[in-house]
Structure formats: C-alpha cells, structure tokens
Amino acid sequence: MSAGPSHRRRFAVGLAAALVLGVGLFQWSLVRARARENSARAERVAVVALSALAEIAERAGGTGDDLRRVVVPVARENPSLTAIRVVAFDGLSLEASTAAADSGDKAAPRRLAREEKPLYDQGQRLRAAVETNRQEGGARKEEIEMARTPSGGLALAAPLEKDGSVVGLVAVETSPFPKVSGTGWLFPLLVLVIGMAAYWGGALAIGERRGVLAVAACALLVVAMVVLARHADGTLAADLRASESTVAAAVAAEEARAAKALQDASLGDARTLHPAAWDSDLFRRPYGIVRADGTLDEAKVQQGLAAGASSIARVIGTYAVLALAVLLVIGLGLAARLGATLRKHRQAYAYTFPAMFGMLLLVFLPFLYGVLLSFTDQSLYTSQAPVGDLFTKLWIGFKNFTDILGDFHVATRSAAGLVWNYQNIYWTLGITIIWTVTNVAYGVGMGLFLALILNTKGLLARPIYRVIFILPWAMPNYITALIWKGMFHQQFGVFNQIIQMFGGTPVSWFEKPATSLFACIATNAWLSVPFMMVISLGALQSISADLYEAARVDGATRWQQFRSITLPSLKPALVPAVILSVIWTFNMFNIIYLVSAGEPGHSTEILITQAYKFAFEQYRYGYAAAYSVVIFAILLAYGIWQNKVTRATEGI
Amino acid sequence: MTSGRRTGEFPHFPLHLILLIYVVVTLYPLLWVFTIGFSGQQSLMIVDIPSNATLLDRLRAIMPWPAHLSVSNFTSVFTEQPFARWLLNSVIVATATTILGVFLSCTAAYAFSRFRFPGRRAGLMSFLVSQMFPGTLMLIPLYIIIVQWLGLGSNFIGLILVYSITAIPFCVWMLKGYFDTIPKELEESALMDGASAATIFYRIVLPLAKPAVAVTALFSFMGAWNEFIQAATFMDKATMYTAPVGLRFFVGGFSQQWGYFAAGAIVTAIPIVVLFLFLQKYLISGLTAGAVKG
C-alpha cells in the first residue's frame, strides 16, 4: 500500500468517530442520570410530605373532626401538594379532602361513591402489603404506592394506621416538579474540538508513522474520556448534594407545619413526632440520611457520593472501551477493508441480509442473552431490572454451573434403601440418555425393518401401507402426545382396559418412574418410526439391482448380501438421519412435557423439560439458563464428535 | 423379473401379516381419537363397563367405535368454545410465516449456493450450530425481546417473526442443497442474454427449484401450525391463542374435556396431514438428497 491512504487521515477519522460516539453516549447518560436524580428528589420530597401527613393523621385518631383540623391546614400550607385525601375503611368514608372535586355537596366527610372504589381497593392493597411484610419480617411488598399523574406530578398513597393496624389510607397528589435545568452541550463539544485539534497538531509533527499515531490517538481519547468522567462526577455530585439538602429542608418544613397544626388543635406534644423516619423508600424503610433535627448525616452522604462515582467510572469505562474499538477499527484500516469487501460482494450480502439480520435478532442475540443470564441470579422478582444490573448486582459468575455440575448427590442411602434425587442433573442426564438411545434405536430398527419389507418387489398394496405408516409423522406431535396421555389414563385409558381384559390389574402408569418413562418412550417411538422408514426406503430404492444380481452370481447368501451391499449403501443416508434424530430426540420437549409432565416427582424429566421447569415453575431464570447452557454444551460436544467421525459437513 | 426371484424365497403372506399388525399399531391411536371425537361426550371411555365385566364387555371397550355416533362435539367446539377464532389465528400465523419464511430462506440459500464470499462458511456453520440451541435457553430472552422490547406480546407479528426465523436454518440448508444441483450454465446463458440477477433468480432458479420451495413452505407451515410452547408463552389473551394452545387448554391442568380436544384435534390435524401426504414425496427427496450430499 505504498500509494495507500494516509494513516494520519485515517486515525483522524477514527478519533473523530470515537470522540463523537464517546461524547454522545456520555451526554445521553448524563442527561438521563440527572433526570433520574431530579425525579428521585421530587419523589423523596413527596414521600416526606405524605409520611408527615400520615403520622399526624394517626396522631389525630384517624377519623373525625380532629383529623380534618390537623390534616387540612398542613396540606393547604404545603405549596407542592395539589390535593390530599384521607379514607377510612370503617364505613367506607372519605374523612378529609382538599381535592377541588370534593367541594360543595361532595365535601368530606362523606361515604365513598361507587366510582371511587379504586381508592378503597388501593387502601386494601396497602393493608395487605403491610401485613405481609410484618408477618415475613421483611420488605417484599411496597407500603407506599406511587404513580405519575397525567399533569406530570406524582400521586402517592400510604397506609393510615391506628394502634398498629391499618385502618385507611392517606393519598396525596403533587404539582409537577421542575425539569432539570439544561445540561450544557458546550463542555462536551469543547472536549471534542480540543481533542481533535490536539491530534491534528500532534499528527503534523509525527508524520505518517502508524504506530505512534495509534498511540497518540488512543491516549487522547482516554484523556478526553477521563475529563468527561470527572465532569460527570462533579455535576452528579452537585445534584446529589442538592437533593439531600432539599430533602432535609422539606423534612424541617413539614415538621414545623405539623407541630403548629398539632398545637393549634391541641393534640399533644409535637416533640414526639418522628421526622427522621419520613425520608424513606417505598417500603417505609428510612434512608437515615436526614437526622431528626433536620441536619444531614455527612458520612452517609459521602457513601452515596462514592457509590455514584464508582458507577460513573464503570459506565464511562464501558463507553471508553467502545470508543477505543471504533478508533482502532477505523484507524488501522479494518473498516476500510470491510467496506471494500462489502462492496465487492454486495449482491451476496444483499441476498443474505434479511435472513441474517433476523437470525441475529431472534436467534443469536437471544442465545447470547441466555448465556449472559446463566452467569446471573436473575429470577422472576428481578426480571424488570435494567440490563446493566445483570453485570453488577445480579452477577454471580460460575456459581450456577458449580451448583448444577458439582452436585453429586444423585442418591442418598436411607433405611428404605437408595433414595434417588430426581432433580439432580446426573439422574436427569441418565434418563435423557436412556430416552434418546431407546427412541433412536427403536426408530432405526423398526424403520429399517418396515422399509426392507416394503421394498419387496411386487408386494401388494405397497403405496397404501406406506401412506398409513407415514401418518404418525404427519400428525402434529403435541396432539399425538395428548392422545397417548389419554390412552395411558389410569382409570379410563385403553391400555388398562386391555390389561384388564386379560385379567390383570390396572397400572398407574404415571406413579412409578419406570412405567412413566415407558409411556413416554412408547409415544415417541410410535411417532419416530416413519422418518427412519422413509429415509431407509428412499436409500433402499436407490440401490442398483445389478449389485444383488452380481452377488448372487458369486453365490452370496441373503445375509451376506445384506451385510455387504444393503447396509453400506444405506450408510450415507442413515448416518445424517441418525445424527439429526439424536438431536431432535434429545430436545424433544413436547412428548415428556405433555405425556408424563415429569411425574412422579420430576423423575422422568429429560434435560430440556427440567430446564423449562426451573424457568417457568420455579422462576429461577439464571439457573435455568445455566442448565440450558449445559445442555447446549453436551449437544455441541456430540455434534463435533459426530462430525469428526462421519465428516458430515465436509465440502460446504 | 429378477428381483421377484430374489425375494421369491419369502412368501408374501407373513410379510403382509407383519405389516397389518403394524397398521393396527399405527392406526389405533388415530381411530381412538376419532372415536372420542364422534362420541358426543367428554369422557375418555369408549363405552361404560359394568362392574362385573365379561371378556366381551372389555373387548367392546377397546374397540375404537363410539357407543353413540354424534357430531355434537364438533358443533359445540365451534359454537360454545372459541375454537373457530383459535383456528383462524393459526391460519393467519402459519400462512404469514410460510410466506416470510420462504422469502427469507430462498434469498439466503441462493446466495449461499451461488456466491463465494467471506463469511459464507461461517454463516452456514452458524445456522447448523443454531439448531442445537436448547429452546429453553431462548425462551426467556425471546420473551424479553418480543414482549418487553418490541412490545409484540399477544400480537401475531411477534409469533410470525419468531416462527419464520427459527425455520430459516433448516430451510436454507435444504434449499442450498437443491440449488447446488441446478446447473450454473442455465444462469450464465441467461446472463449472456442480458437478464438481470433478479430476473434470473425469480424466472429461472425459483421455478426450477419448485419441489424444494414446496418443502420449505411445508416445513415453515407445519412448524407454525404445530408449535405450542412459544405460542403459549407469548399469547396471553385467550382470544389470541393459536389452535395448539387452545387444544391444550381443553385437557391441560384440571380440565378434562376430551371430547372437545378430540374434535378440535381432528379439525386441526386433517389439513396438515393432507398437506403433508400431498407434499411428502418432495420432502423425502429433499431430505435424502441433502443427506446423501452431506
């Protein structure tokens, strides 16, 4: 590439692209993080107001004029609240309200109207949540419900308690909270421009030396990202501090208002309020950052700042790696080469693109996502968490795999003999192997046997037999499975009728592992014969009759003919069919799932149905994913081994 | 007849006997489902058996012929149960899957067969490996992508996309094998005559590959028509069930409506069985051609 493109220019383009990417991602995350902090702040302030109201409402006895006398003035004086409602379960009554709709003949106190039932239901939900959490001694259900209102404010509701039990609810609505003041574009743009200027200045001095240029561009990029990270750190730390002081001020203001209202209503000493508990999460667990006297616990604030800084470092680090990759791909000319290849074979790529894009999105991406899940502790309860959490909070490394593969307690010895542990992977693997080998062996044996008979020249009604024998293949296999499940029914099933016909006692097929597995294998055997039969028949018919003629002339017996002509001629057709059918049977979900459903006690699960049960009955998504990865590894190893032995994929 | 003499050592009678026994084995479950379907009741029993049953009573109980012939299961599965809707859902999903699947597979397979380009071998191998991905590994991520990211839960489009794309690897391999057997000279001479690449593909290659395209279509259609676990996962609303999910609804859990199940199963299975028998010659030649070629 003597007259090739300039390295200097290439790295300039690469650095520009990398900087644009890095700066763009940075700015996007910063805006999002600030918006998140802003709404978190508004939510905390709203929770403080709500908790303060709930506490003085409790103090006022939860109902009656006392309640209205304290709650209404406090709510009216708070500029951020647009409405407050207090509902008592007893008598379905609206005890207090400052909502605009509840005036005139609808003013509180009154009975709740029919269309206000959701409010009552919300109260009952909160009561259930409080009781659940108390019983379990944990925090599983949210004790404060929060939602956005159409106008952009918040609607919150907290339980109203009296003597330790929930007797109603307090609901508030807040006015829309202010948006984040604009996050400037100037600073990141400046970083971009200065970075490029510095590169170009340096590049003029460096000349066309590729290695030095690469190092310089990378160093500049890293410096730019570090500068950006520090900037983000400063901005977000300031936001966090602003949040803490806003919340502290809110706590102090609420306390003052509450104390005044209690005093005006002569409802006891305001000093017994618990303002430190007002700043809490939705489980009503205090954050403990704001002290009772309205000051901040500096150590806790520092803790929050440090956590924020480390998360910023991680995010920006990820962006930096991405940007570096872009820089090097473009700078080292890989992108240019890729572009040239794409242009040269554009027709081929255009033809394959739709299929490939679909496969990437709906086959390979889910696969990779599944593999990612297998290293996490993801479950139903955490499934709403953002993808980023998979790498941090939920990441548990190889624990799932060591749990699955390292558990050798296949059986335990007890007084009653060996007790098998049916959920152990080695038991399930054993069942899967028995299942696969039996089915494939029967399929090949029976299929070949029938094909040999059908291949008899001059046999009457051959096409009719053939069509009938193909039927099990044509039937949807879930229907077959459900039919056979019905035929194995303990009381009404046909098989037990036949057994009784010969004087036997009916068998409870699905109560013992052996009979249960037998029922599944019988079902699958029935439907796997046609495939093998058809493949064998096709191969048999392509054997030239001359070969047999010649063999007979040489005096070969029928067995010798079969051994040295028929079998070798069948091999090229049968081997791939067997490989396919091993993989299909190994992963044959429907039959086991629908016929035995793993009964009794998961003893007849095969690997794939067991993985499904882990995912959709126990909701252990991460564990189920790891289990599935093990299945994939087994199949892949089998595939590679088969490929070595048979060289089935040669000559693609 | 030389072969006649060869097999002449075997009398045909025992062969027919063996075949007839296997005919009974094959047909019995199918006749049984017809019996339940036409029995007019929901029970699994073909006839009621007295407590002191004789051998004849028992024999009657396993004869696949209903005690009373009735089509009431068929009429009520369509009138009292929303089965017509489920069947329609399946028709829509399977038809769209077939069209999309055939289009995607044909274009990709043609490129894999005719062009030599970087990534070709890797692409083909990746298709092969994808066949080993366990369905359970894909189900949760697919649910997240289809339902949470794309918002296509309880929507035909989600199912159609998943079905047509999961059918691609098998279809591409099969079609590629067939395209390989079409002589390249045909296309070259068309190119000489000034035909464009698209014309060659649509007017020459596809018509020649009709049997393989038919198999691809059949395979995609069957896949979508018979799939049940993904449909059960993605389709939350009962009105959006496909026929397999609906059939399982009749006899899954504590529900024991075997009459409805049998009637529904017959209605669902007949079109696919007819289609299969109609196209099986192509399917088998496609499978064996691909298999022998490797």
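Residues numbered from 1 in each chain as written. Chains lettered and ligands numbered in written order. Predicted model: local features only at pLDDT ≥ 70, side-chain atom pairs only at ≥ 80, totals over all residues. Heavy atoms only, no water.

Taken together, Phe353, Phe357, Leu361, Leu365, Val387, Phe391 and Trp395 of chain A together with Trp149 and Leu150 of chain B make up a surface patch of nonpolar side chains, about 880 Å² in accessible area. At the level of elements, α8 (346-373) and α9 (387-391) of chain A are the ones that each hand at least two residues to the nonpolar patch. Among the elements that make up the nonpolar patch, the one with the highest residue count is α8 of chain A (four residues). Mapping Phe391 of chain A onto the fold places it in helix α9. By relative accessible area, Phe391 of chain A is classed as exposed at 52%. (Patch = residues over 30% accessible without salt bridge, like charges linked within 9 Å, V, L, I, M, F, W, Y side chains within 5 Å. Areas by Shrake-Rupley, 256 points an atom, 1.4 Å probe, with all protein chains shown as cover. Salt bridge = Lys/Arg side-chain N within 4 Å of Asp/Glu carboxyl O. Helix = DSSP H or I, 4+ residues; strand = E, 2+ residues; numbered from the N terminus. Buried < 20%, exposed > 50% of the residue type's maximum accessible area, 1.4 Å probe, protein only.)

Residues and elements named next belong to chain B. Relative to the helices and strands, Gln42 is located in the loop between α2 (12-37) and α3 (55-62). Linking Gln42 and Asn73, residues 31 residues apart in sequence, is a C-alpha distance of 8.2 Å. Aside from chain neighbours lying at most four places away, what touches Gln42 is Asn73, Gln256, Gln257, Trp258, Gly259 and Tyr260. A polar atom in the side chain of Gln42 sits 3.1 Å from the backbone nitrogen of Tyr260. (Contact = heavy atoms within 4.5 Å. Polar contact = N/O pair within 3.5 Å; in protein donor to acceptor, adjacent residues only side chain to side chain.)

Between chain A and chain B, the residue contacts involve 100 residues of the former and 105 residues of the latter. At the boundary of chain A with chain B, total buried surface from both sides reaches about 9,400 Å², with 79% on carbon and sulfur atoms. Here chain A is connected to chain B by zero salt bridges. For the pair chain A and chain B, the interface holds five residue pairs in polar contact (both at pLDDT 80 or more). With 21 residues, the top contributor of residues to the side of chain A that touches chain B is α8 of chain A. When its residues are assigned to classes, the side of chain A that touches chain B shows 74 nonpolar, 20 polar and six charged. (Buried area = accessible area lost by both parts, 1.4 Å probe. Nonpolar A, V, L, I, M, F, W, Y, C, P; charged D, E, K, R; others polar.)

Here the structure, examined in full by the defined rule, presents 62 aromatic pairs over all chains. Each ring, one from Phe89 of chain A and one from Tyr120 of chain A, has its centre 5.7 Å from the other, and the planes form 85°; the classification is edge-to-face. In this pair, Phe89 of chain A sits in the loop between β1 (81-88) and β2 (93-97) while Tyr120 of chain A sits in helix α3 (residues 117-136), placing the two residues 31 residues apart along the sequence. Accessibility expressed as a relative area gives 11% for Phe89 of chain A, which makes it buried. Ring geometry for Phe375 of chain A versus Phe398 of chain A: centroids 5.1 Å apart, planes at 85°, classification edge-to-face. Taken together, the residues Phe375 of chain A in the loop between α8 and α9 and Phe398 of chain A in the loop between α9 and α10 (399-405) connect sequence positions 23 residues apart. On the basis of relative accessibility, which here comes to 57%, the residue Phe398 of chain A falls in the exposed class. Grouped by ring-pair contacts, the aromatic residues Tyr478, Phe589, Tyr593, Tyr612, Phe616 and Tyr621 of chain A together with Phe228 of chain B constitute a single cluster. The ring of Tyr623 of chain A carries Arg620 of chain A above its face, with NZ or CZ at 4.0 Å from the centroid. (Phe/Tyr/Trp six-rings, centres within 6.5 Å; stacked < 30°, edge-to-face > 60°. Lys NZ or Arg CZ within 6 Å of the ring centre and 35° of its normal.)

This paragraph deals with the pattern of salt bridges. Residue and element names in this part refer to chain A. As enumerated under the stated definition, the model contains 24 salt bridges over all chains in all. The salt bridge partner of Arg34 is Asp239, with a shortest N-O separation of 2.7 Å. Taken together, the positions of Arg34 in helix α1 (residues 7-59) and Asp239 in helix α5 (residues 210-264) put the pair 205 residues apart, joining distant regions of the chain. Residue Arg34 is classed as buried on the basis of its relative accessible area of 11%. With relative accessibility at 9%, the residue Asp239 sits in the buried group. Two residues, Asp264 and Lys260, come together in a salt bridge whose shortest N-O distance is 3.5 Å. Of this pair, Asp264 and Lys260 both sit in helix α5, separated by four residues, roughly a single helical turn. Asp264 sits in the exposed class, given a relative accessible area of 58%. Overall, the relative accessible area of 44% leaves Lys260 in the partly exposed class. Residues participating in the shared-partner salt-bridge network are Arg85, Asp102, Arg110 and Glu116.

Any functional reading would require information that these geometric values do not contain.
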